[in-house]
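Residues per chain, in single letters:
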Amino acid sequence: TPTISSDKVTNVSKNGGNDGKITGVDTTMEYSVDGGKKYKPVVGNEITELAAGDVQIRVKETDTVNASAPITVTVKQPGAAPSSIDKKITDVSIHGGNDGKITGVDATMEYSVDGGKKYKPVVSNEITGLEAGTVLVRYQEADGNLPSDAVELLVKQPAATPTISSDKVTNVSK
């Protein structure tokens, strides 16, 4: 029976994707993505192009040895991005301000204002104090599920008020 540790599993990067991968396998093994109905041989030292779901892996049958009992490895995927909040943006009221707001969120979500480098938990039904820019909102990791894909929301601001310095003004004489 093969042994595959969880650090050998690369989960799918986007909901509905098929870029999951399992490493730490070899050509003496075979795998199934349909509950063990049909097995495919492992080519090389990884199984690629996997969608989310259970993958059965076993040592394949040879002339002298029966196939081993399979192990099940689960490839996960992010959940779908939140869809109900894209129309609930309050833009910043003055250029350079920080009174932008997103409503329609809840404590199961988190948000990022730095392109996804760091996420902060949503603590109420709105995200306030936002400057103009892109805000990513997604469901948090919970109950062993990966964080969802993020929805990209744009908080806008009015254009800057033009300024003219007094030394640029020429008075007109009669």
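For the structure, check the block above.
Here, residues in each chain are numbered from 1, in the same order as that chain's written sequence. Only residues with pLDDT of at least 70 get local features here, since the model is predicted, and only at 80 or more are side-chain atom pairs given and counted; chain-wide, interface and lining totals rely on the full set of residues. Processing note: side-chain calculations cover all non-hydrogen atoms of the structure and skip hydrogens and water entirely.

Enquirer: Residues and numbers for the pattern of salt bridges, please.
Expert: Salt bridges are counted wherever a side-chain nitrogen of Lys or Arg sits within 4 Å of a carboxyl oxygen of Asp or Glu. Inspection of the entire model under this criterion finds four salt bridges. Notably, a salt bridge pairs glutamate 126 with lysine 101, separated by 3.8 Å at the nearest N-O pair. With a gap of 25 residues between them, glutamate 126 in strand 12 (residues 126-130) and lysine 101 in strand 9 (residues 100-103) connect regions that are remote in the sequence. With a closest N to O distance of 2.7 Å, glutamate 110 and arginine 138 form a salt bridge. Of this pair, glutamate 110 sits in strand 10 (residues 109-112) while arginine 138 sits in strand 13 (residues 133-139), placing them 28 residues apart in sequence. Partly exposed describes any residue whose relative accessible area lies between the buried limit of under 20% and the exposed limit of over 50%, with all areas from a 1.4 Å probe on protein chains only and scaled to the type maximum. In this structure glutamate 110 comes out as buried when scored by relative accessible area, which is 11%. Helix numbers and strand numbers start at the N terminus; a helix is a DSSP run of H or I with at least 4 residues, a strand a run of E with at least 2.

Enquirer: How would you summarise the nonpolar core if you had to cite specific residues and measurements?
Expert: Of all hydrophobic cores here, the largest spans 15 residues; its most connected members are Ile22, Val25, Ile47 and Ile57. Of all the secondary-structure elements, those providing two or more residues to this core are strand 3 (29-32), strand 5 (46-50), strand 6 (53-59) and strand 7 (71-75). With near-sequence residues (within four places) excluded, isoleucine 47 lies in contact with Gly20, Lys21, Ile22, Val25, Tyr31, Val42 and Ile57. Nonpolar cores were defined as sets of buried Ala, Val, Leu, Ile, Met, Phe, Trp, Tyr and Cys residues, with membership established by side-chain atoms within 4.5 Å. Residues Val105, Tyr111, Val135 and Val155 belong to the second largest nonpolar core, which totals 14 residues. Contacts between residues were defined by any pair of non-hydrogen atoms, one from each residue, lying within 4.5 Å.

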